[in-house]
Amino acid sequence: RYEPTWGSLDARPLPAWFDEAKFGVFIHWGVFSVPSFGSEWFWWYWQKEKREPYVKFMEANYPPGFSYEDFGPLFTAEFFDPNQWADILKASGAKYVVLTSKHHEGFTLWGSKYSWNWNAVDVGPKRDLVAELAASVRNRTDLHFGLYHSLFEWFNPLFLEDATNVFKTRKFPTSKSLPELYEIVTKYQPEIIWSDGNGNAPDTYWNSTGFLAWLYNDSPVRDTVVTNDRWGVGSICTHGGFYTCSDRYNPGHLLPHKWENCMTIDRRSWGYRRDAQLSDYLTIEDLVKQLVETVSCGGNLLMNIGPTHDGRIAVIFEERLRQMGAWLEVNGEAIYGTKPWRAQNDSVTPEVWYTFSPKEGTVNAVFLNWPVSGILELGEPQAKLGETQVKLAGYKELLKWVALGEKGLIIALPQLTPKQLPCHWGWTLQLTAIK
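What counts as what
- Residues numbered from 1 in each chain as written.
- Predicted model: local features only at pLDDT ≥ 70, side-chain atom pairs only at ≥ 80, totals over all residues.
- Heavy atoms only, no water.
- UniProt positions renumbered as here; feature names shortened; annotations may be inferred.
- Helix = DSSP H or I, 4+ residues; strand = E, 2+ residues; numbered from the N terminus.
- Contact = heavy atoms within 4.5 Å.
- 1 Å grid on protein atoms, 1.4 Å probe; cavity = no way out; pocket = protein on both sides within 12 Å on 5 of 7 lines; lining within 4 Å.
- Points joined across faces, edges and corners; volume = space filled by probe spheres on them.
- Nonpolar A, V, L, I, M, F, W, Y, C, P; charged D, E, K, R; others polar.
- Phe/Tyr/Trp six-rings, centres within 6.5 Å; stacked < 30°, edge-to-face > 60°.
- Lys NZ or Arg CZ within 6 Å of the ring centre and 35° of its normal.
- Disulfide = S-S within 2.5 Å.
- Buried < 20%, exposed > 50% of the residue type's maximum accessible area, 1.4 Å probe, protein only.

## Structural notes on the UniProt feature "site: May be important for catalysis" (unreviewed entry) in the chain
The feature "site: May be important for catalysis" (unreviewed entry), as annotated in UniProt, sits at Cys262 in this numbering. Among the structural elements, cysteine 262 can be located in strand β6 (residues 259–264). Cysteine 262 has contacts with Phe26, Trp194, Arg230, Asp247, Arg248, Tyr249, Trp270 and Leu302, leaving out every residue within four places of it along the chain.

What follows is the structure, given as C-alpha coordinates:
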(Lines give C-alpha, C1' and ligand atoms only; values in the text may rest on other atoms or scores of the structure.)
Protein backbone atom coordinates (compact mmCIF):
# COMPACT_ATOMS: atom_id res chain seq x y z
CA ARG A 1 0.00 0.00 0.00
CA TYR A 2 1.12 3.53 -0.75
CA GLU A 3 1.64 5.99 2.09
CA PRO A 4 0.42 9.59 1.71
CA THR A 5 4.02 10.79 1.22
CA TRP A 6 5.76 11.80 -2.00
CA GLY A 7 8.50 9.25 -1.30
CA SER A 8 5.97 6.42 -1.30
CA LEU A 9 3.70 7.75 -4.07
CA ASP A 10 6.55 8.56 -6.45
CA ALA A 11 7.77 4.95 -6.16
CA ARG A 12 4.57 3.66 -7.80
CA PRO A 13 5.36 2.28 -11.27
CA LEU A 14 3.53 4.14 -14.03
CA PRO A 15 0.95 1.79 -15.60
CA ALA A 16 2.49 0.57 -18.87
CA TRP A 17 -0.40 1.61 -21.12
CA PHE A 18 0.45 5.30 -20.78
CA ASP A 19 3.98 5.06 -22.17
CA GLU A 20 2.79 2.78 -24.97
CA ALA A 21 -0.04 5.17 -25.98
CA LYS A 22 2.22 8.13 -26.98
CA PHE A 23 -0.57 10.35 -28.29
CA GLY A 24 -3.67 11.82 -26.68
CA VAL A 25 -6.20 14.60 -27.32
CA PHE A 26 -6.91 17.33 -24.76
CA ILE A 27 -10.34 19.05 -24.83
CA HIS A 28 -10.84 22.49 -23.21
CA TRP A 29 -14.58 23.15 -22.98
CA GLY A 30 -16.56 25.25 -20.53
CA VAL A 31 -18.34 28.55 -19.93
CA PHE A 32 -15.28 30.33 -21.43
CA SER A 33 -16.41 28.78 -24.75
CA VAL A 34 -19.35 31.23 -24.77
CA PRO A 35 -17.47 34.55 -25.11
CA SER A 36 -14.87 32.48 -27.05
CA PHE A 37 -12.72 35.56 -27.24
CA GLY A 38 -9.03 35.95 -26.43
CA SER A 39 -8.48 32.95 -24.20
CA GLU A 40 -10.03 30.44 -21.81
CA TRP A 41 -8.72 32.83 -19.11
CA PHE A 42 -11.38 35.31 -20.25
CA TRP A 43 -12.94 35.86 -16.80
CA TRP A 44 -9.58 36.56 -15.15
CA TYR A 45 -8.32 38.87 -17.89
CA TRP A 46 -11.60 40.78 -18.00
CA GLN A 47 -12.47 41.08 -14.29
CA LYS A 48 -9.15 40.76 -12.43
CA GLU A 49 -6.52 42.13 -14.79
CA LYS A 50 -9.02 44.34 -16.63
CA ARG A 51 -7.11 43.92 -19.90
CA GLU A 52 -8.28 46.47 -22.43
CA PRO A 53 -9.33 44.16 -25.31
CA TYR A 54 -11.54 42.15 -22.91
CA VAL A 55 -13.12 45.18 -21.27
CA LYS A 56 -13.81 46.75 -24.67
CA PHE A 57 -15.25 43.49 -26.00
CA MET A 58 -17.73 43.34 -23.12
CA GLU A 59 -18.67 47.02 -23.38
CA ALA A 60 -19.32 46.69 -27.12
CA ASN A 61 -21.31 43.45 -27.02
CA TYR A 62 -23.07 43.02 -23.66
CA PRO A 63 -25.34 45.20 -21.51
CA PRO A 64 -23.94 47.05 -18.47
CA GLY A 65 -23.86 44.88 -15.36
CA PHE A 66 -23.52 41.65 -17.39
CA SER A 67 -21.55 39.22 -15.22
CA TYR A 68 -19.46 36.19 -16.13
CA GLU A 69 -22.09 34.00 -14.44
CA ASP A 70 -24.57 35.29 -17.04
CA PHE A 71 -22.61 33.35 -19.67
CA GLY A 72 -23.61 30.09 -17.91
CA PRO A 73 -27.11 29.75 -19.44
CA LEU A 74 -25.61 30.59 -22.87
CA PHE A 75 -23.33 27.51 -22.70
CA THR A 76 -25.93 25.43 -24.52
CA ALA A 77 -24.20 22.45 -26.22
CA GLU A 78 -27.18 21.91 -28.54
CA PHE A 79 -24.96 20.39 -31.26
CA PHE A 80 -22.94 18.21 -28.87
CA ASP A 81 -23.02 14.68 -30.25
CA PRO A 82 -20.73 12.55 -28.08
CA ASN A 83 -20.77 9.71 -30.65
CA GLN A 84 -19.51 12.07 -33.34
CA TRP A 85 -16.78 13.35 -31.00
CA ALA A 86 -15.76 9.77 -30.20
CA ASP A 87 -15.56 8.92 -33.91
CA ILE A 88 -13.32 11.95 -34.59
CA LEU A 89 -11.11 11.03 -31.62
CA LYS A 90 -10.80 7.48 -32.93
CA ALA A 91 -9.94 8.74 -36.42
CA SER A 92 -7.13 10.90 -34.97
CA GLY A 93 -5.08 7.86 -33.97
CA ALA A 94 -5.01 9.08 -30.36
CA LYS A 95 -4.95 6.43 -27.63
CA TYR A 96 -6.37 8.60 -24.85
CA VAL A 97 -8.48 11.70 -24.33
CA VAL A 98 -8.46 14.21 -21.47
CA LEU A 99 -11.60 16.36 -21.00
CA THR A 100 -11.67 19.46 -18.78
CA SER A 101 -14.18 18.42 -16.13
CA LYS A 102 -13.67 21.82 -14.45
CA HIS A 103 -11.44 24.75 -15.34
CA HIS A 104 -10.36 27.64 -13.06
CA GLU A 105 -13.82 29.22 -13.51
CA GLY A 106 -15.24 26.48 -11.24
CA PHE A 107 -18.01 25.35 -13.60
CA THR A 108 -18.24 21.54 -13.61
CA LEU A 109 -19.24 19.67 -16.79
CA TRP A 110 -21.04 17.12 -14.61
CA GLY A 111 -23.84 17.67 -12.09
CA SER A 112 -21.53 17.99 -9.10
CA LYS A 113 -23.29 18.21 -5.74
CA TYR A 114 -20.34 20.40 -4.63
CA SER A 115 -20.91 23.03 -7.33
CA TRP A 116 -24.49 24.07 -6.74
CA ASN A 117 -26.10 25.86 -9.68
CA TRP A 118 -22.70 26.25 -11.42
CA ASN A 119 -22.58 23.03 -13.39
CA ALA A 120 -23.75 21.69 -16.76
CA VAL A 121 -26.74 19.79 -15.34
CA ASP A 122 -28.25 22.75 -13.44
CA VAL A 123 -27.28 25.49 -15.93
CA GLY A 124 -26.85 25.69 -19.71
CA PRO A 125 -26.96 22.31 -21.46
CA LYS A 126 -28.85 20.61 -18.56
CA ARG A 127 -26.80 17.50 -19.45
CA ASP A 128 -24.03 15.49 -17.81
CA LEU A 129 -21.41 16.15 -20.49
CA VAL A 130 -18.72 14.08 -18.74
CA ALA A 131 -20.96 11.00 -18.53
CA GLU A 132 -22.05 11.31 -22.16
CA LEU A 133 -18.54 11.61 -23.57
CA ALA A 134 -17.20 8.86 -21.29
CA ALA A 135 -19.93 6.48 -22.48
CA SER A 136 -19.36 7.21 -26.18
CA VAL A 137 -15.56 6.95 -25.94
CA ARG A 138 -15.86 3.62 -24.13
CA ASN A 139 -18.54 2.22 -26.43
CA ARG A 140 -17.06 3.27 -29.78
CA THR A 141 -13.26 3.43 -29.32
CA ASP A 142 -10.36 1.84 -27.49
CA LEU A 143 -9.17 5.21 -26.13
CA HIS A 144 -8.45 5.58 -22.43
CA PHE A 145 -10.73 8.22 -20.88
CA GLY A 146 -9.16 10.90 -18.69
CA LEU A 147 -10.28 14.02 -16.86
CA TYR A 148 -8.60 17.37 -16.25
CA HIS A 149 -9.54 19.04 -12.95
CA SER A 150 -8.47 22.45 -11.68
CA LEU A 151 -7.62 22.47 -7.98
CA PHE A 152 -8.28 26.17 -7.47
CA GLU A 153 -10.98 28.57 -8.68
CA TRP A 154 -10.15 32.21 -9.42
CA PHE A 155 -13.11 33.83 -7.71
CA ASN A 156 -14.45 31.24 -5.28
CA PRO A 157 -14.99 33.13 -1.98
CA LEU A 158 -13.82 30.15 0.10
CA PHE A 159 -10.60 29.91 -1.87
CA LEU A 160 -10.03 33.68 -1.63
CA GLU A 161 -10.61 33.51 2.14
CA ASP A 162 -8.06 30.69 2.50
CA ALA A 163 -5.59 32.63 0.35
CA THR A 164 -6.03 35.71 2.59
CA ASN A 165 -5.15 33.45 5.55
CA VAL A 166 -1.97 32.37 3.70
CA PHE A 167 -3.56 28.88 3.35
CA LYS A 168 -3.54 28.27 7.11
CA THR A 169 -7.28 27.56 6.77
CA ARG A 170 -8.49 24.83 4.37
CA LYS A 171 -12.18 25.60 3.78
CA PHE A 172 -11.99 25.42 -0.01
CA PRO A 173 -10.20 22.08 -0.55
CA THR A 174 -12.23 20.29 2.14
CA SER A 175 -15.63 21.52 0.95
CA LYS A 176 -15.12 21.82 -2.82
CA SER A 177 -11.95 20.69 -4.57
CA LEU A 178 -11.26 17.36 -2.87
CA PRO A 179 -14.90 16.20 -2.75
CA GLU A 180 -15.10 16.88 -6.51
CA LEU A 181 -12.00 14.77 -7.16
CA TYR A 182 -13.40 11.82 -5.18
CA GLU A 183 -16.73 12.32 -6.97
CA ILE A 184 -15.33 12.20 -10.54
CA VAL A 185 -13.11 9.20 -9.80
CA THR A 186 -15.92 7.21 -8.20
CA LYS A 187 -18.52 8.22 -10.78
CA TYR A 188 -16.57 8.15 -14.08
CA GLN A 189 -13.50 6.03 -13.28
CA PRO A 190 -11.10 8.07 -15.41
CA GLU A 191 -7.75 6.46 -16.19
CA ILE A 192 -5.97 9.83 -16.14
CA ILE A 193 -6.37 12.51 -13.51
CA TRP A 194 -4.81 15.60 -15.06
CA SER A 195 -4.57 18.05 -12.18
CA ASP A 196 -3.88 21.77 -12.72
CA GLY A 197 -4.08 25.18 -11.09
CA ASN A 198 -2.39 25.05 -7.69
CA GLY A 199 -3.42 28.65 -6.87
CA ASN A 200 0.06 29.23 -5.39
CA ALA A 201 -0.82 26.91 -2.51
CA PRO A 202 1.37 23.99 -1.32
CA ASP A 203 0.35 20.35 -1.76
CA THR A 204 -0.30 20.14 2.02
CA TYR A 205 -3.12 22.68 1.60
CA TRP A 206 -4.66 20.55 -1.14
CA ASN A 207 -3.96 17.29 0.72
CA SER A 208 -2.71 15.99 -2.62
CA THR A 209 -0.76 13.10 -1.12
CA GLY A 210 -3.81 11.96 0.86
CA PHE A 211 -5.96 11.95 -2.26
CA LEU A 212 -3.30 10.18 -4.36
CA ALA A 213 -2.80 7.49 -1.70
CA TRP A 214 -6.54 6.77 -1.86
CA LEU A 215 -6.44 6.86 -5.68
CA TYR A 216 -3.58 4.33 -5.87
CA ASN A 217 -4.75 2.09 -3.00
CA ASP A 218 -8.53 2.01 -2.85
CA SER A 219 -10.12 3.78 -5.83
CA PRO A 220 -11.91 1.85 -8.61
CA VAL A 221 -9.06 2.76 -11.00
CA ARG A 222 -6.14 2.03 -8.65
CA ASP A 223 -4.41 -0.39 -11.06
CA THR A 224 -4.64 1.60 -14.29
CA VAL A 225 -4.86 5.29 -13.34
CA VAL A 226 -2.05 7.69 -14.20
CA THR A 227 -1.60 11.18 -12.78
CA ASN A 228 0.48 14.21 -13.69
CA ASP A 229 2.69 16.48 -11.58
CA ARG A 230 0.50 19.53 -10.82
CA TRP A 231 -0.49 18.95 -7.20
CA GLY A 232 0.67 22.11 -5.42
CA VAL A 233 3.57 24.54 -5.42
CA GLY A 234 6.86 22.71 -5.89
CA SER A 235 5.39 19.44 -7.19
CA ILE A 236 5.55 20.26 -10.92
CA CYS A 237 8.35 18.39 -12.72
CA THR A 238 9.24 16.77 -9.35
CA HIS A 239 6.36 14.63 -8.00
CA GLY A 240 3.41 12.65 -9.33
CA GLY A 241 3.08 10.16 -12.18
CA PHE A 242 4.26 11.69 -15.45
CA TYR A 243 5.85 15.14 -15.63
CA THR A 244 4.36 18.03 -17.63
CA CYS A 245 6.86 20.66 -16.35
CA SER A 246 5.22 23.54 -18.28
CA ASP A 247 2.70 24.03 -21.07
CA ARG A 248 4.11 23.20 -24.52
CA TYR A 249 7.07 21.49 -22.88
CA ASN A 250 9.41 20.03 -25.50
CA PRO A 251 12.97 19.66 -24.15
CA GLY A 252 14.43 18.22 -27.37
CA HIS A 253 16.49 15.66 -25.47
CA LEU A 254 15.89 12.45 -23.52
CA LEU A 255 14.56 12.82 -19.96
CA PRO A 256 15.06 10.21 -17.22
CA HIS A 257 11.38 10.37 -16.16
CA LYS A 258 8.21 9.84 -18.21
CA TRP A 259 6.89 13.19 -19.42
CA GLU A 260 4.13 14.70 -21.54
CA ASN A 261 4.12 17.62 -23.95
CA CYS A 262 0.69 19.22 -23.58
CA MET A 263 0.20 21.73 -26.35
CA THR A 264 -2.58 23.24 -28.36
CA ILE A 265 -3.37 23.50 -32.08
CA ASP A 266 -4.38 27.17 -31.61
CA ARG A 267 -1.07 28.82 -30.62
CA ARG A 268 -2.80 31.47 -28.50
CA SER A 269 -5.53 29.71 -26.59
CA TRP A 270 -6.71 26.38 -25.20
CA GLY A 271 -10.39 27.29 -25.43
CA TYR A 272 -12.22 28.02 -28.70
CA ARG A 273 -11.71 31.52 -30.12
CA ARG A 274 -14.11 33.00 -32.64
CA ASP A 275 -11.49 35.65 -33.44
CA ALA A 276 -8.73 33.18 -34.39
CA GLN A 277 -7.01 33.64 -37.76
CA LEU A 278 -5.86 30.75 -39.94
CA SER A 279 -2.21 31.60 -39.17
CA ASP A 280 -2.93 31.08 -35.44
CA TYR A 281 -3.39 27.35 -36.01
CA LEU A 282 -0.45 24.99 -36.23
CA THR A 283 -0.19 23.20 -39.57
CA ILE A 284 -0.22 19.41 -39.81
CA GLU A 285 3.53 19.60 -40.60
CA ASP A 286 4.04 21.44 -37.30
CA LEU A 287 2.01 18.82 -35.44
CA VAL A 288 3.73 15.78 -36.94
CA LYS A 289 7.08 17.40 -36.07
CA GLN A 290 5.93 17.91 -32.46
CA LEU A 291 4.77 14.31 -32.19
CA VAL A 292 7.96 12.82 -33.62
CA GLU A 293 10.31 15.00 -31.53
CA THR A 294 8.32 14.32 -28.38
CA VAL A 295 8.14 10.54 -28.80
CA SER A 296 11.85 10.30 -29.76
CA CYS A 297 12.72 11.95 -26.45
CA GLY A 298 10.50 9.58 -24.42
CA GLY A 299 7.46 11.83 -24.07
CA ASN A 300 3.76 11.64 -24.93
CA LEU A 301 2.03 14.32 -26.97
CA LEU A 302 -1.28 15.68 -25.62
CA MET A 303 -2.74 17.83 -28.39
CA ASN A 304 -5.51 20.24 -27.46
CA ILE A 305 -8.68 21.34 -29.22
CA GLY A 306 -11.35 23.76 -28.00
CA PRO A 307 -14.98 22.99 -28.94
CA THR A 308 -17.60 25.71 -29.38
CA HIS A 309 -20.23 26.68 -26.79
CA ASP A 310 -22.84 24.79 -28.82
CA GLY A 311 -20.82 21.59 -28.80
CA ARG A 312 -19.11 21.50 -32.19
CA ILE A 313 -15.53 20.49 -32.90
CA ALA A 314 -14.57 23.23 -35.37
CA VAL A 315 -13.80 21.90 -38.83
CA ILE A 316 -10.15 23.05 -38.66
CA PHE A 317 -9.61 20.97 -35.50
CA GLU A 318 -11.38 17.98 -37.02
CA GLU A 319 -9.19 18.25 -40.12
CA ARG A 320 -5.97 18.35 -38.05
CA LEU A 321 -7.10 15.35 -36.01
CA ARG A 322 -8.01 13.32 -39.08
CA GLN A 323 -4.73 14.29 -40.78
CA MET A 324 -2.80 13.07 -37.75
CA GLY A 325 -4.75 9.81 -37.88
CA ALA A 326 -3.96 9.38 -41.59
CA TRP A 327 -0.25 9.91 -40.86
CA LEU A 328 -0.30 7.47 -37.95
CA GLU A 329 -2.03 4.84 -40.05
CA VAL A 330 1.16 4.62 -42.14
CA ASN A 331 3.76 5.50 -39.51
CA GLY A 332 2.19 4.24 -36.28
CA GLU A 333 4.79 1.49 -35.83
CA ALA A 334 7.42 4.21 -35.33
CA ILE A 335 5.28 5.80 -32.58
CA TYR A 336 3.06 3.43 -30.56
CA GLY A 337 4.78 1.14 -28.08
CA THR A 338 8.25 2.40 -28.99
CA LYS A 339 11.17 3.17 -26.68
CA PRO A 340 13.81 5.87 -27.10
CA TRP A 341 16.85 4.71 -29.07
CA ARG A 342 20.49 5.44 -28.12
CA ALA A 343 20.32 8.56 -30.33
CA GLN A 344 17.26 10.80 -30.44
CA ASN A 345 18.05 12.70 -33.63
CA ASP A 346 20.56 12.31 -36.41
CA SER A 347 24.05 13.79 -36.20
CA VAL A 348 24.41 14.43 -39.95
CA THR A 349 20.97 15.18 -41.41
CA PRO A 350 18.70 17.61 -39.53
CA GLU A 351 14.99 16.84 -38.89
CA VAL A 352 15.56 13.08 -38.57
CA TRP A 353 14.31 11.55 -35.31
CA TYR A 354 14.74 8.00 -34.02
CA THR A 355 12.59 5.56 -32.06
CA PHE A 356 13.08 1.89 -31.29
CA SER A 357 10.46 -0.88 -31.62
CA PRO A 358 11.52 -3.49 -29.02
CA LYS A 359 9.25 -6.33 -30.23
CA GLU A 360 10.56 -6.21 -33.80
CA GLY A 361 14.06 -5.00 -32.90
CA THR A 362 13.59 -2.23 -35.48
CA VAL A 363 15.19 1.20 -35.42
CA ASN A 364 12.79 3.78 -36.90
CA ALA A 365 14.21 6.89 -38.53
CA VAL A 366 11.47 9.45 -39.17
CA PHE A 367 12.61 12.12 -41.61
CA LEU A 368 10.56 15.29 -42.04
CA ASN A 369 12.10 16.54 -45.31
CA TRP A 370 12.26 14.41 -48.46
CA PRO A 371 15.71 15.13 -49.94
CA VAL A 372 15.75 16.65 -53.46
CA SER A 373 18.57 14.28 -54.46
CA GLY A 374 16.56 11.21 -53.43
CA ILE A 375 19.53 10.20 -51.25
CA LEU A 376 19.27 10.27 -47.44
CA GLU A 377 22.43 10.15 -45.36
CA LEU A 378 22.11 8.92 -41.76
CA GLY A 379 25.06 9.41 -39.42
CA GLU A 380 23.83 7.41 -36.42
CA PRO A 381 22.85 3.85 -37.48
CA GLN A 382 25.69 1.45 -38.30
CA ALA A 383 24.69 -1.16 -40.86
CA LYS A 384 25.84 -4.78 -41.07
CA LEU A 385 26.56 -6.02 -44.60
CA GLY A 386 24.32 -8.87 -45.65
CA GLU A 387 22.07 -8.41 -42.59
CA THR A 388 20.69 -4.88 -42.42
CA GLN A 389 17.42 -4.22 -44.23
CA VAL A 390 15.91 -0.81 -44.91
CA LYS A 391 12.19 -0.40 -45.53
CA LEU A 392 10.06 2.70 -46.13
CA ALA A 393 6.82 2.45 -44.14
CA GLY A 394 3.88 2.07 -46.52
CA TYR A 395 6.09 1.04 -49.48
CA LYS A 396 6.50 -2.61 -50.46
CA GLU A 397 10.04 -3.02 -51.76
CA LEU A 398 13.27 -2.95 -49.75
CA LEU A 399 15.51 0.08 -50.28
CA LYS A 400 19.10 0.06 -51.48
CA TRP A 401 21.78 1.41 -49.18
CA VAL A 402 25.53 1.81 -48.86
CA ALA A 403 27.37 1.50 -45.52
CA LEU A 404 29.78 4.22 -44.42
CA GLY A 405 31.21 2.09 -41.60
CA GLU A 406 31.12 4.00 -38.33
CA LYS A 407 29.86 7.08 -40.15
CA GLY A 408 26.45 5.60 -40.81
CA LEU A 409 24.86 4.80 -44.18
CA ILE A 410 23.45 6.33 -47.34
CA ILE A 411 19.96 5.27 -48.44
CA ALA A 412 18.48 5.55 -51.92
CA LEU A 413 14.83 6.56 -51.60
CA PRO A 414 12.40 5.33 -54.26
CA GLN A 415 11.56 7.75 -57.07
CA LEU A 416 7.89 8.43 -56.47
CA THR A 417 5.42 11.02 -57.69
CA PRO A 418 3.59 12.95 -54.96
CA LYS A 419 0.55 10.69 -55.49
CA GLN A 420 2.66 7.54 -55.07
CA LEU A 421 4.12 8.63 -51.73
CA PRO A 422 2.86 6.43 -48.87
CA CYS A 423 2.02 9.58 -46.85
CA HIS A 424 2.85 13.26 -46.48
CA TRP A 425 4.47 15.48 -43.82
CA GLY A 426 7.08 12.92 -42.69
CA TRP A 427 8.25 9.40 -43.58
CA THR A 428 9.58 6.43 -41.64
CA LEU A 429 12.54 4.25 -42.51
CA GLN A 430 12.48 0.93 -40.67
CA LEU A 431 16.01 -0.41 -40.18
CA THR A 432 16.65 -3.97 -39.00
CA ALA A 433 19.95 -5.53 -37.84
CA ILE A 434 21.48 -2.16 -36.91
CA LYS A 435 24.21 -1.41 -34.40
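Still to come is the rest of the account.
## What about the layout of surface pockets?
Empty space among the atoms becomes apparent when a probe as large as a water molecule is rolled across them. Quantified by volume, the largest pocket comes out at close to 380 Å³. For the largest pocket, the lining is made up of 22 residues, of which Trp41, His104, Phe152, Trp154 and Gly197 are closest to its centre. Contributions of two or more residues to the lining of the largest pocket are made by α3 (42–48), α7 (157–164) and β4 (192–196). For the lining of the largest pocket, the class distribution of residues is eleven nonpolar, six polar and five charged. Estimates place the volume of the second largest pocket at around 250 Å³. Among the residues forming the lining of the second largest pocket, the class breakdown is two nonpolar, two polar and five charged.

## Structural notes on the packing of aromatic side chains
Under the counting rule described, the total for this entry stands at 55 aromatic pairs. Geometry around tyrosine 216 places arginine 12 over its ring, the cationic atom sitting 4.1 Å from the centre. Across the ring face of tyrosine 336, the terminal group of lysine 95 is positioned such that the distance to the ring centre comes to 4.6 Å.

## Quick word on the state of the cysteines
Inspection of every chain in the model, using the stated rule, returns one disulfide. A sulfur-sulfur separation of 2.0 Å characterises the disulfide bridge that pairs cysteine 237 with cysteine 245. Disulfide cysteine 237 to cysteine 245: torsion about the S-S bond roughly 70°, handedness right-handed. Using a relative accessible area of 33% as the deciding quantity, one classes cysteine 237 as partly exposed. Among the cysteines around cysteine 262, which has no disulfide bond, cysteine 245 carries the closest sulfur, lying 9.8 Å off.

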